[in-house]
Amino acid sequence: MESEDTKKIQEMKTDLNLLLECLKYQMDSPLSQKEALVTIHSICQQNSDARVYFREIGGLMFVQNLAKSSEHSMVKEAALYTLGTVAEQDVYCQQTLCTSELFEDLILFLCNDSNTNLKRMSVYVILVLVSNNRIGQTLVRETGCIKVLSQLFRIGLSKYELNLSDKNVFQNYQLWSSVCSTLCVCVNNPQNDENQMLCCSLFPHANDWLINCIKPEIIRPICSFIGLTLANNTYVQKYFISVGGLDVLSQVLVQLESDSLKTLSNAKLAVVVIKTVDACIADNPTFGEVLSKYHIVSKLLALLLHESLDSEEKCSIILTLGHCTEACEENQYDLFKNDGLPLLIQTLTESQNDELNKAAAFVLYNCKKIISEKMLLMKMKQNN
């Protein structure tokens, strides 16, 4: 068995050496180079030993240089895809590639008149280099790469109609969506305060899209971006509110709750918005006062009754109710007026979900003053 494994490892090494030689000596045949890169990707994807060996024989560095030097777009794209997939699966490959030089090369691809697919591959490599990597988060900022990504976020989509059946629009949307995902890892996991401060400048643009294009293809990526950019950062949360972000989220939520009566998917989309609202108010419940203008508590209660939502989604709604009512009496009275108390008590008595019960108990605790007043009123009526 051991000799069989040894034989397979040796075959793998031989294959990778031959493929690397093919890349070096087929400079005049872009199709052969692309095929070699696809094969390298396939071998490395299936075998961790292959990723280690390919790095040790200088394969990663050669492919990086090939992406920069090749005149052929198909080779550049295949090279970047190979780098991205290998780095995504191997932290040592990620560390090897995480250099200012590579970030600067990727910036050139994004700024030059490259085709959309090459830009997508460049953004993918940036995402892989930055994900779960504080060094990558630092380099994406220090090289100016995050500013280039921010510009793509602003100009990636041009029309609010978003006709995804149009091929060009769809390709631009895919690039824009990839940029959103990459900005998300720039600010989060691990959380990066400096990158959050840079990315919050995009909030006004994000608000414009939310208010003008209430579609899942826009709402989901933008809410992820907003939620992660302001998470656990009071300064950024205050800025988001100052540019009308919480008002915009409230307006979108009101619209989605209204539409959820006709379209079940809108109820689930509303929960995405609710989670973003909660990320904004969780650290400072006084922000909940903004929500009272839009009677958001009544919308949350209505969604809580939606049969299409699972227990995790309902837990998110109740937790947001908790933060809404924590420091805002108007929201507490809204809860009372819309029969929220009996609904939460029912949840406590019937649910077997611990997280759901904790969230419901949190809301009831916030409303203890109203509950006391109600009980006192009932007692007075009985005495009369």
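Here's a quick rundown of the structure. Every chain's residues receive numbers from 1 upward, in the order its sequence appears when written. Under the rules for a predicted model, residues below a pLDDT of 70 receive no local features and side-chain atom pairs below 80 are neither given nor counted, while totals for whole chains, interfaces and linings still include all residues. Values reported for side chains reflect all heavy atoms of the structure, with hydrogen atoms and water molecules removed beforehand.

Another point: the overall build of the chain. When you go through the chain residue by residue, the secondary structure sums to 24 helices and 0 strands. By its C-alpha atoms, the chain is 100 × 55 × 40 Å across when sized along the principal axes. The 384 residues of the chain split such that 50% are buried. The long-range fraction of contacts in the chain, counting pairs at least 24 apart against all pairs at least 6 apart in sequence, stands at 74%. Total accessible area computed for the chain in this model is approximately 18500 Å², and 51% of it derives from carbon and sulfur atoms. Charge assignment: positive for Lys and Arg, negative for Asp and Glu; neither His nor the chain ends contribute. The atoms used to mark charge sites are NZ of Lys, CZ of Arg, CG of Asp and CD of Glu. Of the charged side chains in the chain, 33 are positive and 44 negative; the average position of the first set lies 5 Å away from that of the second. Strands are runs of DSSP state E lasting at least two residues, helices are runs of H or I lasting at least four, and both sets are numbered from the N terminus onward. Burial classes follow relative accessibility: with a 1.4 Å probe on protein chains only, a residue under 20% of its type's maximum area counts as buried, one over 50% as exposed, and anything between as partly exposed. By definition in these notes, contact holds between two residues if any of their heavy atoms fall within 4.5 Å. Under the convention used here, a 1.4 Å probe and the Shrake-Rupley method define accessible areas, while residue burial counts only the protein chains that appear.

Before going further, it helps to spend a moment on helix α15 (residues 234–242). When we look at burial in α15, the residues that qualify are Val-236, Gln-237, Phe-240 and Ile-241. The buried side chains of α15 occupy one side of the element, clustering within an arc of 140° when seen end-on. Exposed residues pointing more than 90 degrees away from the buried face of α15 are listed as Tyr-235 and Ser-242. On its buried face, α15 is in contact with α12 (193–199), α13 (203–212), α14 (216–230), α16 (245–259), α17 (264–281) and α18 (288–292). At the exit of α15 stands Gly-244, carrying a positive phi of roughly 80°. By definition, the arc is the one covered by directions from the helix axis to the C-beta atoms.

Let's shift gears to the side chain of Gln-237. Looking at the element boundaries, Gln-237 is found in helix α15. In this structure the side chain of Gln-237 is engaged in a polar contact, spanning 3.5 Å, whose partner is the backbone oxygen of Ala-279. Sequence-distant contacts of Gln-237, defined by excluding residues within four places in its chain, comprise Leu-230, Ala-231, Asn-232, Ala-279, Cys-280, Asp-283 and Phe-287. Residues adjacent in sequence count toward polar contacts only when both atoms are side-chain atoms; beyond that, a polar contact is any pair of N or O atoms within 3.5 Å, and within protein one must be able to donate a hydrogen and the other to accept it.

Attention shifts here to the state of the cysteines. Our working definition of a disulfide is a cysteine sulfur pair at a distance within 2.5 Å. The final tally for this structure, using the stated rule, is 0 disulfides. Cys-186 forms no disulfide, and the closest cysteine sulfur to it belongs to Cys-199, at a distance of 6.1 Å. Distance from the sulfur of Cys-315, which forms no disulfide, to the nearest cysteine sulfur (Cys-324) is 14 Å. Overall, the relative accessible area of 16% leaves Cys-315 in the buried class.

This part takes up the pattern of salt bridges. Each salt bridge in this description consists of a side-chain nitrogen of Lys or Arg and a carboxyl oxygen of Asp or Glu lying within 4 Å of one another. Across all of its chains, the model carries 7 salt bridges by this definition. The residue Glu-313 makes a salt bridge to Lys-268 at a minimum N-O spacing of 3.0 Å. With Glu-313 in helix α20 (residues 311–325) and Lys-268 in helix α17, this pair connects stretches of sequence that are 45 residues apart. For Glu-313, a relative accessible area of 13% puts it in the buried group. The partner of Glu-355 in a salt bridge is Lys-358, with the nearest N and O atoms 3.9 Å apart. With Glu-355 and Lys-358 both in helix α23 (residues 354–366) and 3 residues apart, the pair spans about one turn of that helix. Take Glu-355: its relative accessible area is 47%, and that puts it in the partly exposed class.

Our next topic: the environment of Gln-64. In this fold, Gln-64 is placed in helix α4 (residues 59–69). Looking at Gln-64, the relative accessible area reads 4%, which means it is buried. Sequence-wise, Gln-64 and Asp-105 are 41 residues apart; in three dimensions their C-alpha atoms are separated by 9.2 Å. Once residues within four sequence positions are removed from consideration, Gln-64 is found in contact with Leu-83, Leu-97, Thr-99, Glu-101, Leu-102 and Asp-105.

With that settled, consider a negative patch on the surface. Only residues whose relative accessible area exceeds 30% and that form no salt bridge are eligible for patches; like-charged ones are grouped when within 9 Å, while nonpolar side chains (Val, Leu, Ile, Met, Phe, Trp, Tyr) are grouped when within 5 Å. A contiguous patch of negative charge, built from Glu-4, Asp-5, Glu-11 and Asp-15, is present on the exposed surface. Along the chain, the position of Asp-15 falls in helix α1 (residues 2–25). By relative accessible area, which is 38% here, Asp-15 ends up partly exposed.

This part takes up unusual backbone geometry. Residue Asn-189 is joined to Pro-190 through a cis peptide bond whose omega torsion reads 0°. In this structure, Asn-232 takes a positive phi of about 55° despite not being glycine. Here Asn-232 is to be found in the loop between α14 and α15. With phi around 60°, Asp-339 is a residue other than glycine that occupies positive phi space. Within the secondary structure, Asp-339 sits in the loop between α21 (329–337) and α22 (340–350). Given a relative accessible area of 53%, Asp-339 falls into the exposed group.

Among the secondary structure elements, Ile-146 is positioned in helix α10 (residues 145–155). Placed 175 residues apart in sequence, Ile-146 and Leu-321 show a C-alpha to C-alpha distance of 35 Å. Sequence-distant contacts of Ile-146, defined by excluding residues within four places in its chain, comprise Val-140, Arg-141, Leu-183, Cys-186, Asn-195, Leu-198 and Cys-199.

Purely geometric numbers; function is a separate question.
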